[in-house]
Structure formats: C-alpha cells, structure tokens
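In case you want the letters, here they are:
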Amino acid sequence: MKSKTEIALELLKVIQSLGLSPAEVKILTLEWIKTYPFVLEDFGWDVQIHVRVHNISAEVQKLQALLSDAEQLEAAFTPPEPDEEPQIHEPVTPISETEVVPKIEAPPVDPPTPQVELPAEPVSLTPKGYSKYGKKLGRPKKQRSETAEKPTSKSQADKKAKPAAKPKPKPAAPIAESSVALKPVDEAPPTEEELIERLKFGKPYTYDLLYLVKSAYVRSPFKLRNEAGVSPVGVVIPYTHQNEPYEIVVYYTDETAAIPLNTAQKYAKNKLLPYKEVSWRVKEAGDDAHIRPVLSEINEIFKKMGGDAFKGNYIDGRGGYYGQKVDLQHKIRYVCDIPLSKKEQSD
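Because the structure is predicted, anything quoted here is derived from the model rather than measured.

Conventions we followed
Residues numbered from 1 in each chain as written. Predicted model: local features only at pLDDT ≥ 70, side-chain atom pairs only at ≥ 80, totals over all residues. Heavy atoms only, no water. Helix = DSSP H or I, 4+ residues; strand = E, 2+ residues; numbered from the N terminus. Buried < 20%, exposed > 50% of the residue type's maximum accessible area, 1.4 Å probe, protein only. Contact = heavy atoms within 4.5 Å. Areas by Shrake-Rupley, 256 points an atom, 1.4 Å probe, with all protein chains shown as cover. Pairing = 2+ DSSP bridges. Polar contact = N/O pair within 3.5 Å; in protein donor to acceptor, adjacent residues only side chain to side chain. Axes fitted to C-alpha atoms, helices over the stretch in contact; angles between N-to-C directions. Phe/Tyr/Trp six-rings, centres within 6.5 Å; stacked < 30°, edge-to-face > 60°. Lys NZ or Arg CZ within 6 Å of the ring centre and 35° of its normal. Salt bridge = Lys/Arg side-chain N within 4 Å of Asp/Glu carboxyl O. pLDDT = per-residue confidence, 0-100.

## Thoughts on the overall build of the chain
Piece 1. Check the secondary structure of the chain and you find 11 helices and eight strands.
Piece 2. By residue count, 22% of the 347 residues in the chain fall in the buried class.
Piece 3. Across the chain, every contact between residues at least 6 apart in sequence was considered, and the portion connecting residues at least 24 apart equals 59%.
Piece 4. Taken as a whole, the chain presents about 28700 Å² of accessible surface, with 56% of it coming from carbon and sulfur.

## Observations regarding the pairing of strand 6 (residues 244-251)
Piece 1. Counting buried positions along strand 6 yields six of eight residues, so the element is predominantly enclosed.
Piece 2. As paired elements, strand 5 (residues 230-241) and strand 6 share eight bridges and run antiparallel to each other. Bridge pairing links Tyr 239 to Tyr 246 in strand 6.
Piece 3. Connecting strand 5 to the antiparallel partner strand 6 that follows it, the hairpin turn spans two residues, and Gln 242 within it adopts a positive phi of roughly 50°.
Piece 4. Relative to strand 8 (residues 334-339), strand 6 runs antiparallel, the two sharing five bridges. Across the sheet, residue Ile 248 finds its bridge partner in strand 8, namely Asp 337.

## Considerations on the side chain of Glu 247
Piece 1. In this structure, Glu 247 sits in strand 6.
Piece 2. The class of Glu 247 is buried, set by a relative accessible area of 7%.
Piece 3. Among the polar contacts listed, one links the side chain of Glu 247 to the side chain of Arg 219, at a separation of 2.6 Å.
Piece 4. With residues up to four places along the chain from it excluded, the contact list for Glu 247 reads Arg 219, Val 236, Ile 237, Pro 238, Tyr 239, Lys 276, Cys 336, Asp 337, Ile 338 and Leu 340.

## Some words on the sheet that holds strand 5
Through backbone hydrogen bonds, the strands of a sheet pair up, either in parallel or in antiparallel fashion.
Piece 1. One open sheet holds the six strands; their spatial order is 3-2-5-6-8-7, and the pairing between them is antiparallel. At either margin of the open sheet sits one strand with a lone partner, and together these are strand 3 (217-220) and strand 7 (281-282).
Piece 2. In this structure, strand 7 lies alongside strand 8, joined through two bridges in antiparallel fashion. The partner of Arg 281 across the bridge, within strand 8, is Val 335.
Piece 3. Its contacts with the sheet place helix 7 (residues 192-199) against strand 2 (209-213), strand 3 and strand 5, and it is angled at close to 65° to strand 3.

## Focus on the packing of aromatic side chains
Piece 1. If you walk through the whole model with that rule in mind, you get seven aromatic pairs.
Piece 2. Consider the rings of Tyr 217 and Tyr 275, whose centres lie 5.3 Å apart with planes at 85°: the pair is edge-to-face. Of this pair, Tyr 217 sits in strand 3 while Tyr 275 sits in the loop between helix 8 (261-270) and strand 7, and the two are 58 residues apart along the sequence.
Piece 3. Through a chain of ring-to-ring contacts, the aromatic side chains of Tyr 251, Tyr 252, Tyr 267, Trp 280 and Tyr 334 assemble into a single cluster.
Piece 4. Its end group placed over the ring of Phe 222, Lys 200 keeps NZ or CZ at 4.4 Å from the ring centre.

## Side note on the environment of Tyr 205
Piece 1. Relative to the assigned elements, Tyr 205 resides in the loop between strand 1 (200-201) and strand 2.
Piece 2. Here the alpha-carbon distance between Tyr 205 and Ile 298, two residues 93 residues apart in the chain, equals 9.4 Å.
Piece 3. In this view, Tyr 205 contacts Pro 221, Ile 301 and Lys 304; residues no more than four positions away in its chain are not counted.

## A short note on unusual backbone geometry
Piece 1. One non-glycine residue, Asn 243, adopts positive backbone phi at about 60°.
Piece 2. Within the secondary structure, Asn 243 sits in the loop between strand 5 and strand 6.
Piece 3. For Glu 277, which is not glycine, the phi dihedral falls at a positive 60°.
Piece 4. With respect to the element layout, Glu 277 can be found in the loop between helix 8 and strand 7.
Piece 5. Residue class for Glu 277 comes out exposed when judged on its relative accessible area of 80%.

## Details of the environment of Asp 254
Piece 1. Mapped onto the elements, Asp 254 comes out in the loop between strand 6 and helix 8.
Piece 2. On a C-alpha basis, the gap between Asp 254 and Phe 310 in space is 8.1 Å, while along the polypeptide they are 56 residues apart.
Piece 3. In terms of polar contacts, Asp 254 uses its side chain to reach the side chain of Tyr 314, at 3.0 Å.
Piece 4. Side chain to side chain, Asp 254 and Arg 333 meet in a polar contact 2.3 Å long.

## A short note on the pattern of salt bridges
Piece 1. Counted under the stated rule, the structure contains 13 salt bridges.
Piece 2. The salt bridge involving Lys 2 is made with Glu 10; its shortest N-O contact spans 2.5 Å.
Piece 3. Judged by its relative accessible area of 47%, Lys 2 falls in the partly exposed class.
Piece 4. What makes Glu 10 partly exposed here is its relative accessible area of 35%.
Piece 5. As a salt-bridge pair, Lys 276 and Glu 247 come within 4.0 Å of each other at their nearest N and O atoms. Note that Lys 276 is positioned in the loop between helix 8 and strand 7 and Glu 247 in strand 6, a separation of 29 residues in sequence.
Piece 6. Each of the salt bridges in this network shares a partner with another, and the network as a whole consists of Asp 208, Arg 219, Glu 247 and Lys 276.

## Here's the deal with the confidence of the model for the chain
Piece 1. Scored by pLDDT, the chain comes out at a mean of 74, with 59% of its residues at no less than 70.
Piece 2. The weakest mean pLDDT in the chain belongs to helix 6 (residues 173-181) at 41; the strongest belongs to strand 7 at 95.
Piece 3. The low-confidence segment residues 172-185, where pLDDT is below 50, has zero contacts with residues more than four positions distant or belonging to other chains.

Next comes the structure, spelled out in structure tokens:
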C-alpha cells in the first residue's frame, strides 16, 4: 500500500501535467501557504505568518480577478469554429445593361498524357534485304537446271564412304576386367611380406628396422620407401636377459630435453603405439649394456632412417631426481623391450 507522501507526489505530477500558467501556479502556491503556514517557519524564513494571511487572501483575489479578465479577453478574440463560417453581407450594386459581367472560368486542367508504348527496336521503313532505294541486296542466286548435279570433291566423297564401314563390336572381356578392378573391397589386404617387397630398397642390414605402415608395425631388414602412410620408428636389437631371449626396440630419434621426465614417461606409455602389446618407456641406464656393443651399426641405420645418433648423456628412466625437472644437459630416448615366446624363438 502506498504512503500518503507517495500519493501526494503523484498528485503533484498530475498538477504539473495540466500545464498551468505562471499566474495559476502563483495562486496555487499562495493557497498552499495559506493552508499550511507553518511550512515557512520550518525552513527558517523570517515571515510574520498571521500578518500576511490577510495579504495573501487579497493577493489571491487580485490574481483571480486578473484571470477572469484574461479569460474574457481570450473569449472575445477567439476565432469562430471551423464549421461556423462568418457571414459577410456586402451591398449589392445594380448591374446596368451596358455592363458586361465577367465570366469566371475554371482553372485549366492539363489533359492526361497518353501513354504510348514504344517498340523494343526501332522500326525500319526499309524492308529487310533491300536498300533504302528499293534495290535488293546481296549476290543473285545461280539458276541451275534440274539435271545438274553438285560436284563433290574427293575428300567429301571419302568422308561419305567412311561411315559406310561397320563399327567393330567392343569385346566383352575388358569390360569384365574393368568391373572387377572397380571393387578393391573384394581384394585381400596385402600381407607384411608383400608390403616389404613393394616398399623395400637398398641393402639389407644386420638388424631389423621397424616401420609404422598405416597404423600397423612392419619389421624389415631393408629400408622402406618414404611413401604416404609409411613412417620410421626404430631399430630392433636382440639380446639375452637371465638366460631368456629378449628384443629391445630403440626409437630412431631423441625426445626433446625441454620436458621433464614424468611428462616423457606418460607420453611413451599413452601416446606411442605398443609393439607386441608392450608399452614404450624411457631408456634406463641398464639398457646401455645391450645398446653399446652394437652402437656403430645402429647409428648408421639411424642416419639412413633420418633419425638421431645415439650419443651423449641420457636421463635414467628410473631417476626420481629428474621427475619434475628439466635438464637441458641430458637427453631422453624411448625404448620398448619384448620377451620372445618359444614359438618366436624357434622361428
């Protein structure tokens, strides 16, 4: 529910919307002071209220008289309404017989302009094929007899004679072969041996090279061509560990030294594709015993594969000291060691 003050302020807005004149605003103000004289005292104005009440009443009467005079003047000078036309009576002067009454003519109205449809192209008065003097243009046609025949050249005769030969029917066998060639789905995917034979080149190496061909590992003693979908991975080195045959795959490039050890370990385990279901890891110091004896041979293979030579200082994958630190003086290498099964040993 609104308070009294809010209601009074809304009434004040209504009064302001009436658009009162300055005299009417003055009357309203004097009436407000007359009704609430204590307002002046609250604001500290030095005014004798009781003495001025009479003066205020007299002032109000003067303003009301002025307003009434103004209303009378306004009514006197108010023009008539639009629908009430003032009647002006003028004296009628008799017209003599000799006087000619001027005829009031209506203002001239422009006749409507006729719309003439113009032709899309200018119409020529001269018939087509004739000059403006009526002479027929062009060379006159030759008159030939009914028995005359148009001579044909030798080349035209040969062209007419060639279509007379019957076209050779197309053999059905090539169509069948082409239809089979358009269905590569029916062909069996090439085996690992077929891929090696197609991609290998150069001399065979002592140790096998590991490649990734279309998301599958391919192992070969030959270097494979760098075609689409073929990327090098590393070199496979066989070794013996506790009287059991093993293989270790050494990655063909170094990892950047600008990452900590734990980041490299997560990358090797989760991002590199496992080989024979064995995950990759960071090289440890114990792996050097299998790599150092064949270092010169595998470095030659790394060079041919476009990789990095295995040399310098490497971080030990078991070292906790380098776990979360970056050591630019040491490098990182990925390896993957695979124990061989009895079947693979026999092979």
